[in-house]
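Given next are the chains, with one letter for each unit.
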Amino acid sequence: MAAHQEKKLAEERKHKTMQNGTKASQGQWGRAWEVDWFSLASILFLLMFAPLIVYYFIMSCAQYQCSLTEPLLDLLTSSKHLSDIWNRTPMLTCRAAGIYSLWVTFQVVLYMSIPDFCHKFLPGYVGGVQEGAVTPAGVVNKYEINGLQAWIITHVLWFANASFLHFFSPTIIFDNWIPLLWCANILGYAVSTFAMIKGYFFPTNAKDCKFTGNFFYDYMMGIEFNPRIGKWFDFKLFFNGRPGIVAWTLINLSFAAKQQELYGEVTNSMILVNVLQGIYVLDFFWNEAWYLKTIDICHDHFGWYLGWGDCVWLPYLYTLQGLYLVYHPVQLCTAHAVGVLTLGLLGYYIFRATNHQKDLFRRTNGACRIWGKRPQYIECSYTSVDGAKYYSKLLTSGFWGWARHFNYTGDLMGSLAYCLACGFGHILPYFYIIYMSILLTHRCVRDEHRCSSKYGKDWDRYTAAVPYRLLPGVF
Ligand code: NDP
């Protein structure tokens, strides 16, 4: 079995590394070959508690008006037992299973059967068949970029239904929110388990598999780098982008429809959340080709972290603001609303401009202008597992001269804006900024660890030239 051979090779490589006394050789970028105790403990914690955290948040809204402390107090003071809470939780229903199956099938059909037509008439949009980055084994995968059209078709149908078809209520997502959670979990676990089995027995590219020998780590962080079914069904591109991110804006629209149904109006805070998150989602699909060069596709293997995360964590926890506003319809004063909008748009601008600078710089191989000047950069090289040497460049001007991850800083500003739109009544809508701060700080560290093992001394020269990560002069 090819995957078993690769596993054996990995063990030999590990042995060699220890003999040489070096930590990580070049060409070994991507996720870890060895698991330290801290990583293992974090992974076990997440595997056990992440599904509970999602349930806790959603249940708090459904049963406690989004208070995160009251369920705990009830349990601690024995006013309620776990069974009381559980008994009031809606179970999986046939209706939810039907809606969810139809939803995922529809997204698979849009992904697989309709080649991109948006790039033919939208100036500046990059769609159709595009190439990803070089994988550690030296492979360059091709992707059908058609997420924007999937998003447009889905939303046109949604609005057609809400306006005149009336096949289903626009509150359908809110009304089935917890039963749909069980469906999303089933898919999340099924796809992660399938990816693990596939990695062992029929990987798409055995040379791009990683085995640490630790079952939990491999399950969580994935074995295969780019699992595929057939030539085009790419697990990472599909599960990262759709069904979760296409659903994000529909979920928010459903929450807005519920506000309208319950209170006879949609508050300005709900509109702000819909608009700011809508811009973020649309940006994702407009730049889907760029997304092929991000860490998710270029470095992460496909396991529970991406599989379950995309099916459950993202649609349920990234939409908490809209859910909260159904239970607490906050109407913001003009100054507050304008402040939130300004922060959100400024954050988005920084996020997009920073990502655009890197993308332009990499696409043109440095033959471009950043803020009207020729870019400054550091030349670097790395080696893939087959020993081939590659050359690359690290940009040190524009936003990339301010900090090594200023795109994350813009993202965090936008995230804070969504939370501030919900006022200051509860902590629950602020979960997003807390989570994003942890995620992106951890991502900085993870990415830099990888880049350091990929580029070696060249990376040290880069960090000396751009010493801060997120905030110039601070961190
Ligand atoms: P980046 O787009 O910053 O990509 C990091 C990679 O870019 C590095 O691994 C390296 O890859 C390359 N690179 C690093 N520094 C430079 C440089 N100076 N010049 C040129 N290339 C460089 O990170 P992500 O992929 O994590 O994030 C992409 C965007 O997605 C970010 O804006 C982030 O905020 C957002 N995001 C949002 C999330 C969400 O849940 N909402 C989650 C994660 C990300 P190489 O090997 O090619 O050199």
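Sequence order as written defines residue numbering, which begins from 1 separately in each chain. Local features are withheld for residues below a pLDDT of 70 in this predicted model, meaning they are given only at 70 or higher, and side-chain atom pairs are given and counted only at 80 or more; totals for whole chains, interfaces and linings count all residues. Derived side-chain values reflect all non-hydrogen atoms in the structure, with water molecules and hydrogen atoms excluded from consideration.

### Some thoughts on the packing of helix α13 (residues 268-286) against helix α17 (residues 320-327)
One can describe the packing of α13 onto α17 by two numbers: an axis separation of 10 Å at closest approach and a directional angle of 165°. With respect to each other, α13 and α17 are oriented roughly antiparallel. At the point where α13 passes α17, the crossing takes the left-handed sense. Mapping the contact onto sequence places Ser269, Met270, Val273 and Gln277 in α13 and Gln321, Gly322, Leu325 and Val326 in α17. Broken down by class, the residue content of the contact of α13 with α17 amounts to 4 nonpolar, 4 polar and no charged. Inter-axis angles, ranging from 0 to 180 degrees, are taken between N-to-C directions of lines fitted to C-alpha atoms, where helices are fitted over the stretch in contact. Secondary structure counts use DSSP, requiring at least four H or I residues in a row for a helix and at least two E residues in a row for a strand, with both numbered from the N terminus. Oblique is the label for any angle not covered by the other classes, which are roughly parallel (under 35 degrees), roughly antiparallel (over 145) and roughly perpendicular (65 to 115). In this scheme, a crossing is called left-handed if the near helix is turned counterclockwise away from the far one by less than a right angle; it is called right-handed if the turn is clockwise. Whether two residues are in contact is decided by their heavy atoms, any of which lying within 4.5 Å being enough. Put simply, Ala, Val, Leu, Ile, Met, Phe, Trp, Tyr, Cys and Pro go in the nonpolar bin, Asp, Glu, Lys and Arg in the charged bin, and everything else, Gly too, in the polar bin.

### Details of helix α5 (residues 94-113)
To estimate how far a helix should extend, the number of its residues minus one is multiplied by 1.5 Å. With 20 residues, α5 should cover 28 Å at 1.5 Å per step; its first-to-last C-alpha distance of 27 Å lies within 8% of that length. Summary of the burial criterion: residues with accessible area below 20% of their type's maximum are buried, those above 50% are exposed, and those between are partly exposed, where the area comes from a 1.4 Å probe applied to protein chains only. Turning to α5, its buried residues are Ala96, Tyr100, Trp103, Val104, Gln107, Leu110 and Tyr111. The buried residues of α5 occupy an angular sector of 125° when projected down its axis, which confines them to one face. Exposed and facing more than 90 degrees away from the buried side of α5 are Cys94, Arg95 and Leu102. It is the directions from the helix axis to the C-beta atoms whose arc is reported.

### Considering the pairing of strand β6 (residues 389-395)
The two faces of a sheet get side chains in turn, since along a regular strand they alternate between them. Paired strands are those between which DSSP finds at least two bridges. Of the pairings in the sheet, the one linking strand β5 (residues 377-383) to β6 comprises 7 bridges and is antiparallel in character. Opposite glutamate 379, over in β6, you have lysine 393 as the bridge partner. Adjacent in sequence and paired antiparallel, β5 and β6 are bridged by 5 residues, among which glycine 387 carries a positive phi angle near 90°.

### Structural notes on the environment of lysine 358
Within the fold, lysine 358 resides in helix α18 (residues 334-363). Classification of lysine 358 by relative accessible area gives partly exposed; the value is 27%. Spatially, the C-alpha atom of lysine 358 lies 7.0 Å from that of leucine 395, the residues being 37 residues apart in sequence. With residues up to four places along the chain from it excluded, the contact list for lysine 358 reads Lys293, Leu395 and Trp400.

### Some thoughts on a nonpolar patch on the surface
Residues Leu44, Phe45, Leu46, Met48, Phe49, Leu52, Phe215 and Phe216 make up a contiguous nonpolar surface patch of about 740 Å² in total accessible area. Mapped by element, the contributors of at least two residues to the nonpolar patch are α2 (37-64) and α10 (215-221). In terms of residue count, α2 provides more of the nonpolar patch than any other element does, 6 residues in total. By the secondary structure assignment, phenylalanine 216 is in helix α10. For patch detection, residues must exceed 30% relative accessible area and be free of salt bridges, and they are connected within 9 Å for like charges or within 5 Å for nonpolar side chains (Val, Leu, Ile, Met, Phe, Trp, Tyr). Residue exposure ignores everything except the shown protein chains as possible cover, and the areas themselves are Shrake-Rupley values with a 1.4 Å probe. Any carboxyl oxygen of Asp or Glu within 4 Å of a side-chain nitrogen of Lys or Arg constitutes a salt bridge here.

### Brief notes about the site of the ligand
In this text, near means that some heavy atom of the residue lies within 4 Å of the molecule or strand in question. Taken together, 25 residues lie around the ligand, and Tyr318, Asp411, Asp447, Lys454 and Tyr455 are the ones closest in. Two N or O atoms count as a polar contact when they lie within 3.5 Å, although within protein this holds only if one can serve as hydrogen donor and the other as acceptor, and sequence-adjacent residues are included solely when both atoms are side-chain atoms. Taking tyrosine 408, its side chain carries an N or O atom lying 2.6 Å from an oxygen atom of the ligand. In the complex, 92% of the free accessible area of the ligand, which totals 920 Å², lies under the protein chains. Residue assignment for the shell around the ligand shows that the elements contributing at least two residues are α18, β6, α20 (406-420) and α21 (431-455). Within the shell around the ligand, the residues separate by chemical class into 14 nonpolar, 4 polar and 7 charged. Residues lining the shell around the ligand come from more than one domain, with at least three contributed by each of domain 1 (38-331) and domain 2 (332-474). Domain start and stop points were drawn from an automatic or database domain assignment.

### Here we look at the state of the cysteines
The rule for a disulfide is simple: a pair of cysteine sulfur atoms within 2.5 Å. Summed over the entire model, instances satisfying the criterion amount to 1 disulfide. Note that cysteine 61 is cross-linked by a disulfide to cysteine 66, the S-S spacing being 2.3 Å. Taking the torsion about the S-S bond as the criterion, the cysteine 61 to cysteine 66 disulfide, at about 110°, is right-handed. Neither residue differs from the other here; cysteine 61 and cysteine 66 are each classed as buried. Here cysteine 311 is not disulfide-linked; the sulfur of cysteine 183 is the nearest cysteine sulfur, at 11 Å. Take cysteine 419: it sits in no disulfide, and the sulfur closest to it among the cysteines is that of cysteine 422, at 6.9 Å.

### Notes on the domain arrangement of the protein chain
Each domain of the protein chain was delimited in the assignment, giving domain 1 (38-331) and domain 2 (332-474). If you average the C-alpha positions of domain 1 and of domain 2, the two centres end up 23 Å apart. Accessible area that two parts lose when put together, evaluated with a 1.4 Å probe and summed over both, is termed the buried area. Here domain 1 and domain 2 share an interface that buries about 3,500 Å² over both sides, 65% of which is from carbon and sulfur atoms. When the buried surface of domain 1 facing domain 2 is broken down by residue, Leu276, Tyr280 and Trp290 rank first, second and third, together holding 18% of it. Remark: the boundary between domain 1 and domain 2 carries 4 salt bridges. Put simply, arginine 450 and aspartate 300 hold a salt bridge, and the shortest N to O gap is 3.1 Å. In this assembly, domain 1 and domain 2 are joined by 10 residue pairs in polar contact (both at pLDDT 80 or more). Secondary-structure elements contributing two or more residues to the side of domain 1 that touches domain 2 are α2, α13, α15 (295-298), α16 (304-317) and α17. The element that contributes the greatest number of residues to the side of domain 1 that touches domain 2 is α13, accounting for 9 residues.

### A closer look at the pattern of salt bridges
Overall, the coordinates contain 15 salt bridges when judged by the stated rule. Of the charged contacts in the structure, one is a salt bridge between glutamate 448 and arginine 404, with a shortest N-O distance of 2.8 Å. Residue glutamate 448 is located in helix α21, and its partner arginine 404 is located in the loop between α19 (399-402) and α20; the two are separated by 44 residues in the primary sequence. Take glutamate 448 and arginine 404: they sit in the same class, and that class is buried. Taken together, the shared-partner salt bridges in this structure form one network comprising Asp175, Lys258 and Glu261.

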